[in-house]
Amino acid sequence: MIEVKNISKSYSGKLVMNDFSFVAEQGKTTLIIGGSGHGKTVLMRSIVGLEEVDSGAIFYDGRNFSEMNIKQRKSIRKEIGMLFQGSALFDSQTVEENVMFPLSMFTDMSLEEKRERVNFCLKRVNLENKNNQYPSQISGGQKKRVGIARAISMNPKYLFCDEPNSGLDPLTSHVIDELIKEITQEYGITTIVNTHDMNSVMEIGDKVIFIYQGQKWWEGSSKTILQADNKEVREFVGLAKVLMEMRKQSS
Amino acid sequence: MIHFISTIFFHIGRYFTLITRAFSKPEKTIIFRKRVFEEIENLGIDSIPLVLIISLFMGAVITIQAAFGFESPWIPAYAVGMTTRDSVILEFAPTLVSLILAGKVGSSIASETGTMRVTEQIDALEIMGVNSASHLILPKIVASMFINPFLIIISMFTGIVGGYIFGVLTNVVTAPQYLYGIQYDFRIYNVTYALIKTVVFAFIISSVPAYHGYYTHGGALEVGKSSTTAVVYSSLLILLFNFILTQLLLA
């Protein structure tokens, strides 16, 4: 479980996140939704410690991450897997080397054991026979899958996904969403996903938090978001509603 | 003016903070050693052809210029060889070749590190709990400080050989005169002085571009700007330290 308590963040005196709190539960997917520039990425970067918050605290299963020193944070980070918006795969390494990287860095596994683990992770994300290819030789959707495989290679307790569907076609987006949902449930991971894709919200959102101008504007579930009486939330999901009705009519 | 001075102090402070982080104990010695060897190949071995070409012509030009300037019956003909040797060893090989390497290697380091920053690869390392500064920068510094003295020794040798070949071919000096000149009053301390300079320049060539790349923000345009800035500052620092070290070691 991840508990975010009253965190605020400003850049050059400008408040970009104000008194933000929520709880992400284990084995469930918490979605942070909102328009571009409203603070989703800053929030996620703050939770994982890539940005220092001005005030507030972040708890990983009761452990106060905000008060930890570098060494203590390092131990928490080994329990974190993260899928970045642009996948963030290492260009100079093959798919296999990318997934193997955390294992080589932090475990004493033999090469054979590491290969076995890598193949298991790649198979889990339905990406086989790409071990020796470089990130530049695979598609955007495949890069995301390698990113997920790398994120789960160390059996993380917490999974963060920043815009996992950006730049992907609807079908590939659906595959990635399903993968995140399955992995979260299968391994009992606490997953937080940043997205502005309403399809993702409807498909994988156990809990949905709407962020607006750096503040928590609305909290609910994928079932209740379509009935939300909040003006900004209604505007945000409006288009999705239309699409869903069109889909219903056509089917 | 105050802003300019505060900016300089900001960069100096941030540079030394990064270097301190980079010099912390590597996560795994075996991976560090592998990375050092990779960097020796990238930064050193791959630069050998460039060093050979530059040094060959550098030696040739110095020999011809020296012969042109020494057209006096009071100056012995072997002085051409002696001048070529001392010019190449004292200044041209360590300083000129380091300046050229600052362009080639420096821009490569800055653009590689900068691209890793803007594509979130450095964030990915941090999330995994890897000290990105140590993992990315330390192998480059160690590799440069190790391989650059060898490059400079190659440059010294090639420069003197270039002077011999072109000097004899253009009839500005005879082979025995040149060979006598390069052996006359040879001081081994000059080579020591040149190698000390080289090690300091190697540190500048690797650390300054790494600093500029590491703190790149934005996209491809900013990576290009970082690369240019890195080469300019590395070159200026090489010239500054060339003066300081010459004063300290030769005066």
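Residues numbered from 1 in each chain as written. Chains lettered and ligands numbered in written order. Predicted model: local features only at pLDDT ≥ 70, side-chain atom pairs only at ≥ 80, totals over all residues.

**Things to note about the overall build of chain B**
Right, on to step 1. The number of helices and strands found in chain B is ten helices and zero strands.
Right, on to step 2. In chain B, the succession of α and β elements from N to C terminus is α-α-α-α-α-α-α-α-α-α.
Right, on to step 3. Here the C-alpha coordinates of chain B stretch approximately 70 × 45 × 30 Å along the principal axes.
Right, on to step 4. The buried share of chain B, reckoned over its 251 residues, is 43%.
Right, on to step 5. Restricting the contact set of chain B to residue pairs at least 6 apart, pairs at least 24 apart contribute 88%. (Helix = DSSP H or I, 4+ residues; strand = E, 2+ residues; numbered from the N terminus. Buried ≥ 20, exposed ≤ 12 C-beta atoms within 10 Å, placed from the backbone. Contact = placed C-beta atoms within 7 Å.)

**Regarding the overall build of chain A**
Right, on to step 1. What chain A contains, in helices and strands, is eight helices and ten strands.
Right, on to step 2. For chain A, the spread of C-alpha atoms along the three principal axes comes to 55 × 50 × 30 Å.
Right, on to step 3. A total of 251 residues make up chain A; the buried ones form 40% of that total.
Right, on to step 4. Once local pairs closer than 6 in sequence are excluded, the contacts in chain A between residues at least 24 apart make up 66%.

**Things to note about the interface of chain A and chain B**
Right, on to step 1. With 14 residues of chain A at the contact, the number on the chain B side is 13 residues.
Right, on to step 2. Sorting the residues of the side of chain A that touches chain B by element identifies α2 (70-77), β6 (80-83) and α3 (95-106) of chain A as the ones contributing at least two each.
Right, on to step 3. Tallying contributions element by element places α3(A) first for the side of chain A that touches chain B, with three residues.
Right, on to step 4. Looking at the side of chain A that touches chain B residue by residue, the classes come out as nine nonpolar, two polar and three charged. (Nonpolar A, V, L, I, M, F, W, Y, C, P; charged D, E, K, R; others polar.)

**Side note on the domain arrangement of chain A**
All names here are of chain A.
Right, on to step 1. Partitioning chain A into domains gives domain 1 (2-79 + 157-250) and domain 2 (90-155).
Right, on to step 2. Listed per partner, the contact involves eleven residues of domain 1 and ten residues of domain 2.
Right, on to step 3. Ranked by the residues each element gives to the side of domain 1 that touches domain 2, the list is headed by helix α6 (residues 170-187), at six residues.
Right, on to step 4. The class makeup of the residues in the side of domain 1 that touches domain 2 is eight nonpolar, two polar and one charged. (Domains from an automatic or database assignment.)

**Some points on the packing of helix α3 (residues 48-69) of chain B against helix α4 (residues 79-118) of chain B**
Residues and elements named next belong to chain B.
Right, on to step 1. Two elements in contact, α3 and α4, have axes separated by 9 Å at closest approach and are oriented at 145 degrees. The handedness of the crossing between α3 and α4 comes out as right-handed. Facing Leu50, Val51, Ile54, Ser55, Met58, Gly59, Ile62, Thr63, Ala66 and Ala67 of α3, the residues of α4 in contact are Val80, Thr83, Thr84, Ser87, Val88, Phe92, Ala93, Leu96, Val97, Ile100 and Lys104.
Right, on to step 2. Class assignment for the residues of the contact of α3 with α4 results in 14 nonpolar, six polar and one charged. (Axes fitted to C-alpha atoms, helices over the stretch in contact; angles between N-to-C directions. Left-handed = near helix turned anticlockwise from the far one by under 90°.)

**Some remarks on the confidence of the model for chain B**
Residue and element names in this part refer to chain B.
Right, on to step 1. Of all residues in chain B, 100% have pLDDT values of 70 or greater, and the mean over the chain is 94.
Right, on to step 2. Across chain B, helix α9 (residues 188-214) holds the top mean pLDDT of 97, while helix α1 (residues 2-22) sits lowest at 93.
Right, on to step 3. ipTM for the predicted complex: 0.87, alongside a pTM of 0.89. (pLDDT = per-residue confidence, 0-100.)

**A closer look at the sheet that holds strand β4 (residues 55-60) of chain A**
Two orientations exist for strands paired in a sheet by backbone hydrogen bonds: parallel and antiparallel.
Residue and element names in this part refer to chain A.
Right, on to step 1. Here four strands make up an open sheet; going across it, the order is β2-β1-β4-β5 and the pairing antiparallel. Only two strands of the sheet have a single neighbouring strand rather than two, namely β2 (14-24) and β5 (63-64).
Right, on to step 2. Examined bridge by bridge, strand β1 (residues 2-11) and β4 share five bridges and lie antiparallel to one another. Note that in β4 the partner of Ser8 across the bridge is Ser55. (Pairing = 2+ DSSP bridges.)

**Some remarks on the pairing of strand β7 (residues 158-162) of chain A**
Residue and element names in this part refer to chain A.
Right, on to step 1. Burial analysis of β7 places five of its five residues in the buried class, the great majority of the element.
Right, on to step 2. Across four bridges, the pairing between β6 and β7 is parallel. Bridging across to β7, Ile80 finds its partner in Tyr158.
Right, on to step 3. The sheet contact formed by β7 and strand β8 (residues 190-195) spans five bridges and is parallel. Its bridge partner lying in β8, Cys161 is registered against Val193.
Right, on to step 4. For the crossover from β7 across α6 to β8, the handedness is right-handed. (Right-handed = clockwise from strand over helix to strand, strands pointing away.)

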